[in-house]
Amino acid sequence: NSRLLLQMDAPYTWIYALYGTQDYDSVRVDTKFVNSAMSPASIGLICNYSETDGWFEYNVSTDGTYNVLYGKWLSNGIADYLPVLNGSSNAIPQSGMEGQIGMTCFDGTLALYINETLLRNVDVSRYDLSEGKVGITAASFENTPVIASFDWVTVSEP
């Protein structure tokens, strides 16, 4: 039905889909999604992705929490994540509900959006990631199956 479906049948699974044709130094990424899972499970956006230098990841979870992570590959298929911030919001859709998230990445700052409303700005200048690829992510935690459905993803100038 013209949606990208990511299904995770194993616990503690992370799936990444990267748009690999271009690097961006200033970018906005938005998506409309449904996360059908028992809580918790997450949907997210990625910006400034580099195989060697790492990436930023903005995740929202079906339990009403969100986070920003700095990820970096330790070896093939094994990543290390440094929490940048954690929070919660009543605006995050619960399991089975449709929602939108967005993120802008520019000049050492991430702007986080839920349902087209600015949630907060985050200073990430200390990580020195000024450009890279964009993408989407979904994760299962202890509960499975998780079906993450993406209706659309847009990439634009902030």
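Use the structure listed above.
To keep things clear, this report deals only with the structure shown in the data block.

Here is what the cut-offs are and how they apply
- Residues numbered from 1 in each chain as written.
- Predicted model: local features only at pLDDT ≥ 70, side-chain atom pairs only at ≥ 80, totals over all residues.
- Heavy atoms only, no water.
- 1 Å grid on protein atoms, 1.4 Å probe; cavity = no way out; pocket = protein on both sides within 12 Å on 5 of 7 lines; lining within 4 Å.
- Points joined across faces, edges and corners; volume = space filled by probe spheres on them.
- Helix = DSSP H or I, 4+ residues; strand = E, 2+ residues; numbered from the N terminus.
- Nonpolar A, V, L, I, M, F, W, Y, C, P; charged D, E, K, R; others polar.
- Core = buried A, V, L, I, M, F, W, Y, C linked by side-chain atoms within 4.5 Å.
- Buried < 20%, exposed > 50% of the residue type's maximum accessible area, 1.4 Å probe, protein only.
- Contact = heavy atoms within 4.5 Å.
- Salt bridge = Lys/Arg side-chain N within 4 Å of Asp/Glu carboxyl O.
- Pairing = 2+ DSSP bridges.
- Axes fitted to C-alpha atoms, helices over the stretch in contact; angles between N-to-C directions.

### Overview of the layout of surface pockets
Any empty space left between atoms is shown by rolling a water-sized probe over those atoms.
Okay, so step 1: Empty space within the largest pocket amounts to approximately 260 Å³.
Okay, so step 2: Taken together, 13 residues line the largest pocket, and the ones lying closest to its centre are Ser42, Asn59, Asn67, Leu69 and Phe141.
Okay, so step 3: Of all the secondary structure elements, the ones that give two or more residues to the lining of the largest pocket are β5 (54-61) and β6 (65-75).
Okay, so step 4: For the lining of the largest pocket, the residue count by class is 7 nonpolar, 5 polar and 1 charged.

### Topic: the nonpolar core
Okay, so step 1: In terms of nonpolar packing, the biggest core is built from 36 residues, with Cys47, Phe56, Tyr58, Met103, Leu110 and Leu112 touching the most fellow members.
Okay, so step 2: Among the elements that line this core, the one with the most residues is strand β4 (residues 41-50), at 4 residues.

### Describing the environment of Thr13
Okay, so step 1: When you line up the elements, Thr13 lands in the loop between β1 (4-8) and β2 (14-24).
Okay, so step 2: Overall, the relative accessible area of 23% leaves Thr13 in the partly exposed class.
Okay, so step 3: Beyond its immediate stretch of four places on either side in the chain, Thr13 contacts Met8, Ala138, Ala139 and Ser140.

### Some details on the pattern of salt bridges
Okay, so step 1: A full pass over the atoms with the stated rule returns 5 salt bridges.
Okay, so step 2: Between Asp23 and Lys133 there is a salt bridge, with the nearest N and O atoms lying 2.7 Å from each other. In this pair, Asp23 is assigned in strand β2 and Lys133 in strand β11 (residues 132-140), connecting sequence segments 110 residues apart.
Okay, so step 3: Given a relative accessible area of 40%, Asp23 falls into the partly exposed group.
Okay, so step 4: Among the ionic pairs, Lys32 bridges to Asp151, the shortest N-O distance being 4.0 Å. Of this pair, Lys32 sits in strand β3 (residues 27-36) while Asp151 is found in strand β12 (residues 146-156), placing the two residues 119 residues apart along the sequence.
Okay, so step 5: On the basis of relative accessible area, Asp151 is assigned to the partly exposed category, the value being 26%.
Okay, so step 6: By sharing partners, the salt bridges in this structure join Arg3, Lys32, Glu98 and Asp151 into a single network.

### Section: the sheet that holds strand β8 (residues 98-106)
Where strands meet in a sheet, backbone hydrogen bonds hold them as pairs that are either parallel or antiparallel.
Okay, so step 1: Pairing is antiparallel in the open sheet, where 6 strands are placed in the order β1-β12-β3-β8-β9-β10. Looking at strand neighbours, the two that pair on one side only are β1 and β10 (117-123), the edges of this open sheet. Taken pair by pair, the neighbouring strands of this sheet meet at an average axis angle of 25 degrees, ignoring direction.
Okay, so step 2: The pairing of β8 with strand β9 (residues 109-114) spans 6 bridges and is antiparallel. Opposite Met103, over in β9, you have Leu112 as the bridge partner.

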